[in-house]
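Chain and residue survey
Here is what each chain is made of, one letter per residue.
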Amino acid sequence: MTTQQLVGKPDSAPPAPEDTPGPAIAWDGSSFLTQVRILTGRSLRALVTDPGVIVFGLAQPVILLFMLTQVFSGMGMPPHFPKGISYLDFVMPAVLVDNAVHSAIQSGIGVVDDLKNGMVARLRCLPIHPSSLLIARSLSNLVRAAVQIAIVIVLAVTVLGYSPKGGAGKLLASAGLVLFITWTLGWAFIAAAAWLRRAEPMQNLAVIAIFPLLFASSAYMPIDDLPTWLGAVAKANPLTYAIDTTRALALDLPGAGAVLPALLISIGIAVVGGVLAAVGFRRPL
């Protein structure tokens, strides 16, 4: 990425005589969409040149998938477990949502990196809209999450024999919902990064967010089989709506009606996160 590409070129004007002042040239830089496109490409090229980021990002959901299915698939299922559904089928949507949460966290960590490596300071000296960097970061991590989700699904199908009853169409719909959740959750962590601006608090926030959100939900066990107090927490957990909807779509089960609450909650998170991120990002470095 060059400065010339990002800010564009001012319109040329005919040379003025030496004794006559030249006309003032109004220039606001390149268009907003151009800025987002170039900055998104910058983030994606960084992923391509550092494949270890994708590999290590894949390790967590893949390990979780294999461990859960191998440990719990041979155990007796609880009373409220869906009939005719294997534990692999049940837990696969939760693994995809878990990947969404981790990808969202990476959006925030990427913003922290840009704040620390001088990229943001450089861009602030140019006619570039501040939010273009935030949007570009969210889009690049969305592409990364899509690649990871595709690889996890392929591994589950080819190695573990994952074959959801909803068919390929509903599986793609559930994957699309997970990607949307990834993008909306990403704004929450981008906002946190814009205010915290340090990697250590971001990592601590990630640990605090991941374990309660995932384990106090319907991710690994039906809510009715959880302890009473934990079931009450799970019913109020926004990730429960996302997991239930993804599971219902992939397995062709009742419960797809939860898609509206899942979408509304996700949109609310994105709007609030986007506003807070814009305000926090504009603060002095």
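Presented here is an overview of the structure given in this document. Counting restarts for each chain: residues are numbered from 1 in the order of the written sequence. With the structure being a predicted model, the display of local features is reserved for residues of pLDDT at least 70 and the display and counting of side-chain atom pairs for 80 or more, all residues being used for whole-chain, interface and lining totals. As a convention, hydrogens and water are excluded, and side-chain values are obtained from all of the structure's heavy atoms.

1. Things to note about the overall build of the chain
Selection rule: Note on conventions: DSSP H or I runs of at least 4 residues are helices, E runs of at least 2 residues are strands, and numbering of each starts at the N terminus. Using a 1.4 Å probe on the protein chains alone, a residue whose accessible area is under 20% of its type maximum counts as buried, one over 50% counts as exposed, and one in between counts as partly exposed. Working rule for contacts: check all heavy atoms of both residues, and any pair within 4.5 Å makes them a contact. Where accessible areas are quoted, they stem from the Shrake-Rupley method and a 1.4 Å probe; at the residue level, only the protein chains shown are allowed to cover.
For the chain, the helix and strand inventory stands at 11 helices and 0 strands. Secondary structure elements in the chain, listed N-terminal to C-terminal, are α-α-α-α-α-α-α-α-α-α-α. The buried share among the 285 residues of the chain stands at 44%. Taking as baseline every contact in the chain between residues at least 6 positions apart, the subset at least 24 positions apart corresponds to 79%. Summing over all exposed atoms, the chain offers an accessible surface of approximately 14,200 Å²; the carbon and sulfur share of this is 69%.

2. Examining the pattern of salt bridges
Stated formally: By definition here, a salt bridge exists when the distance from a side-chain nitrogen of Lys or Arg to a carboxyl oxygen of Asp or Glu is within 4 Å.
The full count for this structure, using the stated rule, is 4 salt bridges. With a closest N to O distance of 2.9 Å, Asp 114 and Arg 137 form a salt bridge. With a gap of 23 residues between them, Asp 114 in helix H4 (residues 87-116) and Arg 137 in helix H6 (residues 130-158) connect regions that are remote in the sequence. Residues Asp 252 and Lys 170 are paired through a salt bridge, measuring 2.7 Å at the closest nitrogen-oxygen approach. One end of the pair, Asp 252, is in the loop between helix H10 (238-251) and helix H11 (259-281); the other, Lys 170, is in helix H7 (residues 167-196), with 82 residues separating them in the sequence. Taken together, the shared-partner salt bridges in this structure form one network comprising Arg 42, Asp 114 and Arg 137.

3. Digging into the packing of H6 against H11
Note the threshold: What counts as an axis is a line fitted to C-alpha atoms, over the stretch in contact for a helix, and the angles between N-to-C directions run from 0 to 180 degrees. An angle below 35 degrees is read as roughly parallel, one above 145 as roughly antiparallel, one from 65 to 115 as roughly perpendicular, and any other as oblique. In this scheme the crossing of two helices becomes right-handed for a clockwise turn of the near helix relative to the far one and left-handed for an anticlockwise turn of less than a right angle. Residues were grouped as follows: Ala, Val, Leu, Ile, Met, Phe, Trp, Tyr, Cys and Pro as nonpolar; Asp, Glu, Lys and Arg as charged; and all remaining residues, including Gly, as polar.
Running from N to C, H6 and H11 cross one another at 130 degrees; their axes reach a closest spacing of 10 Å. In terms of orientation, H6 lies oblique with respect to H11. Like other packed secondary-structure pairs, H6 and H11 cross with a definite hand, here right-handed. Judged by residue contacts, Pro 130, Leu 133 and Leu 134 of H6 engage Ala 277, Ala 278 and Phe 281 from H11. Of the residues assigned to the contact of H6 with H11, the class counts are 6 nonpolar, no polar and no charged.

4. Topic: the packing of helix H2 (residues 32-49) against H6
Put simply, H2 and H6 touch, their axes get as near as 8 Å, and they point 45 degrees apart. Relative to H6, H2 is oriented oblique. Helix-helix and strand crossings are classified by hand; for H2 and H6 the assignment is right-handed. On the side of H2, the interface is formed by Phe 32, Gln 35, Val 36, Leu 39, Thr 40, Arg 42, Ser 43, Leu 44 and Leu 47, while H6 contributes Ser 131, Ser 132, Leu 133, Ile 135, Ala 136, Arg 137, Leu 139, Ser 140, Val 143 and Arg 144.

5. Some words on the packing of aromatic side chains
Let me state the cut-off plainly: Only Phe, Tyr and Trp rings take part, Trp by its six-membered ring, and two of them pair if their centres are within 6.5 Å. Stacked means planes under 30 degrees apart, edge-to-face means over 60, and tilted covers everything else. Whether a charge lies above a ring is judged from NZ of Lys or CZ of Arg, which has to be within 6 Å of the ring centre and within 35 degrees of the ring normal.
Scanning all chains against the criterion turns up 6 aromatic pairs. Relative to Trp 187, the ring of Trp 183 lies with its centre 6.3 Å away and its plane at 85 degrees, an arrangement referred to as edge-to-face. Highlighted residues: Trp 183 and Trp 187, both in helix H7, separated by 4 residues, approximately one helical turn. Measuring from centroid to centroid gives 5.2 Å for Phe 215 and Tyr 220, while their planes differ by 50 degrees, and the two rings are tilted. Of the residues examined, Phe 215 reaches a relative accessible area of 48% and is grouped as partly exposed. The class for Tyr 220 is buried, based on a relative accessible area of 11%. Site record: aromatic cluster; members linked through ring pairs are Phe 81, Tyr 87 and Phe 90. Across from the ring centre of Phe 90, 3.6 Å away, lies the NZ or CZ of Arg 247, which sits over that ring.

6. Notes on empty space enclosed by the protein
Heads up, the condition is: Grid points spaced at 1 Å over the protein atoms alone were grouped into cavities, where a 1.4 Å probe fits but cannot get out, and pockets, open sets with protein on both sides within 12 Å along at least five of seven lines, with lining residues defined by an atom within 4 Å of a point. Grid points are joined across faces, edges and corners, and a volume is the space filled by probe spheres set on the points.
Under the defined criterion, the tally for this structure stands at 1 cavity of 30 Å³ or more. Computed from the structure, the largest cavity encloses a volume of approximately 30 Å³. Taken together, the elements giving at least two residues each to the lining of the largest cavity come down to H4, H6 and H7. When grouped by side-chain class, the residues that make up the lining of the largest cavity number 3 nonpolar, 6 polar and no charged.

7. A few points about the environment of Lys 170
Going by this rule: Whenever two N or O atoms come within 3.5 Å, that pair is a polar contact, provided that in protein one can donate a hydrogen and the other can accept it, and provided that, for residues adjacent in sequence, both atoms are side-chain atoms.
Accessibility expressed as a relative area gives 34% for Lys 170, which makes it partly exposed. At 2.7 Å, the side chain of Lys 170 and the side chain of Asp 252 are in polar contact.

In short, shape yes, function no, at least from these values alone.
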